[in-house]
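# Descriptive structure summary
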Amino acid sequence: VVITTSHSAPYQTDSPSDAVALVRSWAADENVDVLSPQLYSSGDEKAPEFDETASCVDAGCTWDLYAGARADIMPSIVDDSQYAAVASWFAGRSLTTTGFVQWKQ
């Protein structure tokens, strides 16, 4: 099972705390194989966007939610030219990426 979401968490939920609860549940679920946060907004970005989801960041939907995730973290990025920066950025937060999903066709 692969789950992808906008930046650090879903941007539209009934409440910001619901977004946090969703990511926590995905990270803990042994049935989820891959978590793929989307590091783009339009798909035209020349560099990955590491922003946390603005609609819930005050409730705690930060990148810290991915720490200890059972699933592999494979960010969705525009194209492969962004992966080195992504892997480095996540490593700087003690999060390991195991690859990526490419948006660009």
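Residues numbered from 1 in each chain as written. Predicted model: local features only at pLDDT ≥ 70, side-chain atom pairs only at ≥ 80, totals over all residues. Heavy atoms only, no water.

### Here's the deal with the pattern of salt bridges
Here is the rule: Should a side-chain nitrogen of Lys or Arg be within 4 Å of a carboxyl oxygen of Asp or Glu, the pair is scored as a salt bridge. Strands are runs of DSSP state E lasting at least 2 residues, helices are runs of H or I lasting at least 4, and numbering of each runs from the N terminus. Any residue under 20% of the maximum accessible area for its type is buried, any over 50% is exposed, and the rest in between are partly exposed; the area is computed with a 1.4 Å probe on protein chains only.
Applying the stated criterion to the full structure yields one salt bridge. The salt bridge involving Glu-30 is made with Arg-70; its shortest N-O contact spans 3.8 Å. Of this pair, Glu-30 sits in the loop between α1 (16-28) and β2 (34-38) while Arg-70 is found in the loop between β2 and β3 (72-73), placing the two residues 40 residues apart along the sequence. Using a relative accessible area of 60% as the deciding quantity, one classes Glu-30 as exposed.

### Some words on the packing of aromatic side chains
For any pair of aromatic rings, the description rests on two quantities: the centre-to-centre distance and the angle between the ring planes. Put simply, the test is: Two aromatic rings from Phe, Tyr or Trp, using only the six-membered ring of Trp, form a pair when their centres are within 6.5 Å; if the ring planes differ by under 30 degrees the pair is stacked, by over 60 it is edge-to-face, and anything between is tilted.
Counted by the stated rule, this structure contains seven aromatic pairs. Their ring planes at 80° and their centres at 5.8 Å tell us that Trp-63 and Trp-89 sit as a pair that is edge-to-face. In this pair, Trp-63 is assigned in the loop between β2 and β3 and Trp-89 in helix α2 (residues 83-91), connecting sequence segments 26 residues apart. Trp-89 sits in the buried class, given a relative accessible area of 18%. Centroid distance Trp-89 to Phe-90: 5.1 Å. Interplanar angle 75°. Geometry classified as edge-to-face. Grouping aromatic residues by their ring pairs yields a cluster made of Phe-50, Trp-63, Tyr-66, Trp-89 and Phe-90.

### Overview of the nonpolar core
Here is the rule: In this text, buried Ala, Val, Leu, Ile, Met, Phe, Trp, Tyr and Cys residues form a nonpolar core when linked through side-chain atoms within 4.5 Å. Residues are treated as being in contact if the distance between any of their heavy atoms lies within 4.5 Å.
The biggest cluster of nonpolar side chains holds 24 residues, and the ones touching the most others in it are Leu-35, Tyr-66 and Phe-90. Within the residue set of this core, elements represented by two or more residues are α1 and α2. Of all the elements, α1 adds the most residues to this core, at five residues. Residues within four places of Leu-35 in sequence aside, it is in contact with Ile-3, Trp-26, Ala-27, Tyr-66, Ala-69, Ala-71, Asp-72, Ile-73 and Met-74.

### Brief notes about the pairing of strand β1 (residues 2-6)
Heads up, the rule is: Think of it this way: DSSP has to see at least two bridges between two strands before they count as a pair.
When β1 meets β2, the two strands line up parallel, connected through five bridges. Bridge pairing in β2 places Ile-3 opposite Leu-35.

### Let's talk about α1
What counts here: An expected span of 1.5 Å times one less than the residue number is assigned to each helix. Read the arc as the range of directions from the helix axis to the C-beta atoms.
When the terminal C-alpha atoms of α1 are compared, their 19 Å separation across 13 residues agrees well with the 18 Å that a helix rising 1.5 Å per residue should span. For α1, every residue scored as buried is listed here: Ala-19, Val-20, Val-23, Trp-26 and Ala-27. Buried residues in α1, looked at end-on, bunch into an arc of 130°, giving them a common side. Those residues of α1 that are buried are in contact with β1 and β2.

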